[in-house]
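# Fold and contact review
The chain contents come next:
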There are 2 protein chains.
Amino acid sequence: MKETLLCPRLSKAMELLGKRWTALIVYQLMDGAKRFNEIESSLPISGRLLSERLKELEKEGIVERTVFSEVPIRVEYNLTEKGLALKEVVGGIETWSKEWL
Amino acid sequence: MKETLLCPRLSKAMELLGKRWTALIVYQLMDGAKRFNEIESSLPISGRLLSERLKELEKEGIVERTVFSEVPIRVEYNLTEKGLALKEVVGGIETWSKEWL
DNA sequence: AACATAAGGTTACTTTATGTAACTAAATAT
DNA sequence: ATATTTAGTTACATAAAGTAACCTTATGTT
């Protein structure tokens, strides 16, 4: 695999969004905060991977994690401004899928 | 991994676009037909996987393959109407990446 | 006290996807 | 006969994803 002159930002964006589940997780958060188990139930993803993806998204500043120290513990995830900006992208994919799939 | 009520078309779209390299291949074809080696040179992808992805995209009707029986052989790939419709999606990702990455 | 429950994970292990490098086919040129 | 070129394919190694069992904390039940 050799190096190229491909736009590094587009490349980075695809590394994120092109990772399995990432866009669908963002999609789940598009209409407001959700808890870990809610996301897990709404997608055919395993807890292991959901945990991994949420960490990545948090590190990228796309998702924000809020812990409520109740019993049992409650953790909510919601999109940051950066994440909300992805609405257009995911919306575009949704539109395309409705027209062509 | 359990079943969900997730929109099957969006789900399918993400299975395609969320596969490594797929969107970047489409991006490479956005400004006209390209040959196998041209795509391979413009992306850090291996020939093995490029071949696999192009077959998938062809099967999905996103990419069209044209063989020119010259010597040496020449094969061109270009987007179908369905593939061209993805310009907006990939363009949206590009826009987002420029603003947020 | 002993056990169960619940959320939000983590760990160990298996299967699938991706990356690497060498090889093939066809037609021509040296 | 050997080399060159394009567009792949094959065999093998490594990385990522899937599965299932387990952990922690704080309560609630027997």
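Below you will find a few notes about this structure. Because the structure is predicted, anything quoted here is derived from the model rather than measured. (Residues numbered from 1 in each chain as written. Chains lettered and ligands numbered in written order. Predicted model: local features only at pLDDT ≥ 70, side-chain atom pairs only at ≥ 80, totals over all residues. Heavy atoms only, no water.)

### Some points on the protein's contact with DNA strand D
The criterion, for reference: Only a single heavy atom is needed: when it lies within 4 Å of a molecule or strand, its residue is near that molecule or strand. Residues adjacent in sequence count toward polar contacts only when both atoms are side-chain atoms; beyond that, a polar contact is any pair of N or O atoms within 3.5 Å, and within protein one must be able to donate a hydrogen and the other to accept it. Segments assigned H or I by DSSP are reported as helices when at least four residues long, segments assigned E as strands when at least two residues long, and all are numbered from the N terminus.
Around DNA strand D lies a shell of 22 residues, among which A:Leu49, A:Val71, B:Ser51, B:Arg65 and B:Tyr77 are the nearest. Close to the protein, within 4 Å, the atoms of DNA strand D are drawn from sugar and phosphate at a rate of 76%. One of the side-chain nitrogen or oxygen atoms of A:Trp21 is found 3.1 Å away from a phosphate oxygen of DNA strand D. In the model, a phosphate oxygen of DNA strand D is placed 2.5 Å from a nitrogen or oxygen of the B:Arg65 side chain. Every element with two or more residues in the surface near DNA strand D is listed here: helix 4 (47–59) of chain A together with helix 3 (36–42), helix 4 (47–59) and strand 3 (74–79) of chain B.

### Some words on the nonpolar core
Heads up, the condition is: The term nonpolar core refers to a set of buried residues drawn from Ala, Val, Leu, Ile, Met, Phe, Trp, Tyr and Cys, joined through side-chain atoms within 4.5 Å. Exposure is judged per residue with a 1.4 Å probe applied to protein chains only, and the accessible area is read against the type maximum: over 50% gives exposed, under 20% gives buried, and values in between give partly exposed. Any two residues having at least one pair of non-hydrogen atoms within 4.5 Å are treated as being in contact.
One finds A:Ile25, A:Ile62, B:Ile25 and B:Ile62 to be the most contacted residues of the largest nonpolar core, which totals 63 residues. Setting aside residues no more than four positions away along its own chain, B:Ile25 makes contact with B:Leu43, B:Ile45, B:Leu50, B:Arg53, B:Leu54 and B:Leu57.

### Quick look at helix 6 (residues 87–100) of chain A
As a reminder, the rule being used: Helix span is expected to be 1.5 Å times the residue number reduced by one. This arc is taken over the directions from the axis of the helix to the C-beta atoms.
With 14 residues, helix 6 of chain A ought to run about 20 Å at 1.5 Å a step, and its terminal C-alpha atoms sit 20 Å apart, in line with that. Every buried residue belonging to helix 6 of chain A is among A:Val89, A:Val90, A:Ile93, A:Glu94, A:Trp96 and A:Ser97, and all of these are buried. All buried residues of helix 6 of chain A fall inside an arc of 165° around its axis, so they share one side. Residues of helix 6 of chain A that are exposed and angled more than 90 degrees away from the buried face: A:Glu88 and A:Glu99. Summarising the contacts, the buried residues of helix 6 of chain A are in contact with helix 1 (8–17) and helix 2 (22–29) of chain A together with helix 1 (8–17), helix 5 (81–84) and helix 6 (87–100) of chain B.

### A look at the sheet that holds strand 1 (residues 34–35) of chain A
Residues and elements named next belong to chain A. Let me state the cut-off plainly: Whether two strands pair depends on DSSP finding at least two bridges between them. Whenever a helix is involved, its axis is fitted only over the stretch in contact; in every case the axis is a line through C-alpha atoms, and angles between N-to-C directions fall within 0 to 180 degrees.
Pairing in this open sheet of three strands is antiparallel, and the strands run 1-3-2 from one edge to the other. Each edge of the open sheet is held by one strand with a lone partner, namely strand 1 and strand 2 (63–68). Note: strand 1 against strand 3 (residues 74–79), two bridges, orientation antiparallel. Bridge pairing in strand 3 places Lys-34 opposite Tyr-77. Here helix 2 sits on the sheet and contacts strand 1, strand 2 and strand 3; the angle it forms with strand 3, its principal contact strand, is near 100°.

### Observations concerning the interface of chain A and chain B
Interfaces are often sized by the amount of accessible area the parts lose when they come together. Selection criterion: By buried area we mean the combined loss of accessible area, with a 1.4 Å probe, across both parts when two parts are placed together. Any Lys or Arg side-chain nitrogen located within 4 Å of an Asp or Glu carboxyl oxygen qualifies as a salt bridge. In the scheme used here, Gly and all other residues not listed as nonpolar or charged are polar, with Ala, Val, Leu, Ile, Met, Phe, Trp, Tyr, Cys and Pro taken as nonpolar and Asp, Glu, Lys and Arg as charged.
Each side of the interface is counted separately: chain A has 40 residues, and chain B has 40 residues. Taking both partners together, chain A and chain B bury about 3,800 Å²; carbon and sulfur atoms supply 76% of that area. Our count for the chain A to chain B interface comes out at zero salt bridges. Counting across the interface, chain A meets chain B through two residue pairs in polar contact (both at pLDDT 80 or more). Elements represented by at least two residues in the side of chain A that touches chain B include exactly helix 1, helix 2, helix 3 (36–42), helix 5 (81–84) and helix 6 of chain A. Take the side of chain A that touches chain B: its biggest share by element is eight residues, from helix 6 of chain A. Taken together, the residues of the side of chain A that touches chain B sort by class into 22 nonpolar, eight polar and ten charged.

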